Amino acid sequence: MKKVLNTGLSGLAAGMILYIAAFIYYKILGDGAASPITALAAPAMLAAGLLAANLGKLKMFAGAAGYFLYEKPLLKSTGNLLLIYAANFAGCFIMHNLFRFSFLLPGLISGTETTLNELFSGACQSAVSAAYNAVSNSFGTDAEVFGSFFIWFIVRSMVCGILTFIGVEYYKRAGKFYMLILAVFGYTIGGFSNCMTTLTGVLLATAVYSFSFAAQFIIISTTALGNLLGGILASAVLRAVGNTAEPAGAENK
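Let me begin by describing the structure that accompanies this report.

Scoring rules and cut-offs
- Residues numbered from 1 in each chain as written.
- Predicted model: local features only at pLDDT ≥ 70, side-chain atom pairs only at ≥ 80, totals over all residues.
- Heavy atoms only, no water.
- Helix = DSSP H or I, 4+ residues; strand = E, 2+ residues; numbered from the N terminus.
- Buried < 20%, exposed > 50% of the residue type's maximum accessible area, 1.4 Å probe, protein only.
- Core = buried A, V, L, I, M, F, W, Y, C linked by side-chain atoms within 4.5 Å.
- Contact = heavy atoms within 4.5 Å.
- Phe/Tyr/Trp six-rings, centres within 6.5 Å; stacked < 30°, edge-to-face > 60°.

### Brief notes about unusual backbone geometry
Although it is not a glycine, Lys57 sits at a positive phi angle of roughly 55°. Within the secondary structure, Lys57 sits in the loop between helix H2 (36–55) and helix H3 (61–64). Taking the relative accessible area as the measure of exposure, Lys57 reaches 70% and is therefore exposed.

The structure is reproduced here in structure tokens:
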């Protein structure tokens, strides 16, 4: 029970850190438009969030996805991975609403009647608009679009899962953080989808813009599934090529 609680709290903290990093990422995109500095600063923020979570040995879904097959029994391992995802999700959701409340608080104190969405949009308009553009350009806002492009969405998320696993595993093996940074720059600049960054984008975008519930569900679940499959694939290849029983990070994922 204690281990389950620790895993949940660790995943919750990771989700909160990843939300903050993704929020600043979208804010930089919104403020900087297409400048060369933005092209480096935005993914650097995501890399900082991933590095902070790894330095703190926090549980992240995309980082743990490639390891769960090596924990026995498989039912327990699957439950542990689902717990990590749920905790990451909850951490993002909690931090998102803390941000929204912080924007609402001045109006509550002064007695100004402003809707939460209006205040949220005004306080971080560039982040919200950048998140909306990123999510809608990548996935659209209508669930029907997924029928034709579902495989593409999965593959794009898989590439992110592969790069994330490689970065995390190399960090665990050699203690070098630059592979984490390169992995984030790779999947961000390449336009591949990380589940928590995408979740943050959906939360920000739906604070002001309209997404159908079906579209939200499919966007979030598709990126998570792709990240999972990518992590498993990268882990399997590493095991086959290295002829090892399990990746180096499996025991402390």
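From this point on, the discussion continues.
### Looking at the nonpolar core
One finds Tyr19, Phe23, Tyr26, Phe61 and Met196 to be the most contacted residues of the largest nonpolar core, which totals 53 residues. Apart from the residues within four sequence positions on either side, Tyr26 is in contact with Ser126, Ala127, Ala130, Ala131, Ala134, Thr197, Thr198, Thr200, Gly201 and Leu204.

### Examining the packing of aromatic side chains
The final tally for this structure, using the stated rule, is nine aromatic pairs. Measuring from centroid to centroid gives 6.3 Å for Tyr19 and Phe23, while their planes differ by 25°, and the two rings are stacked. Of the two residues, Tyr19 and Phe23 are both situated in helix H1 (residues 2–32); the distance of four residues between them amounts to about one turn of the helix. Just as Tyr19 is buried, Phe23 falls in that class too. You can call Phe23 buried: its relative accessible area is 9%. Grouping aromatic residues by their ring pairs yields a cluster made of Tyr19, Phe23 and Phe99.

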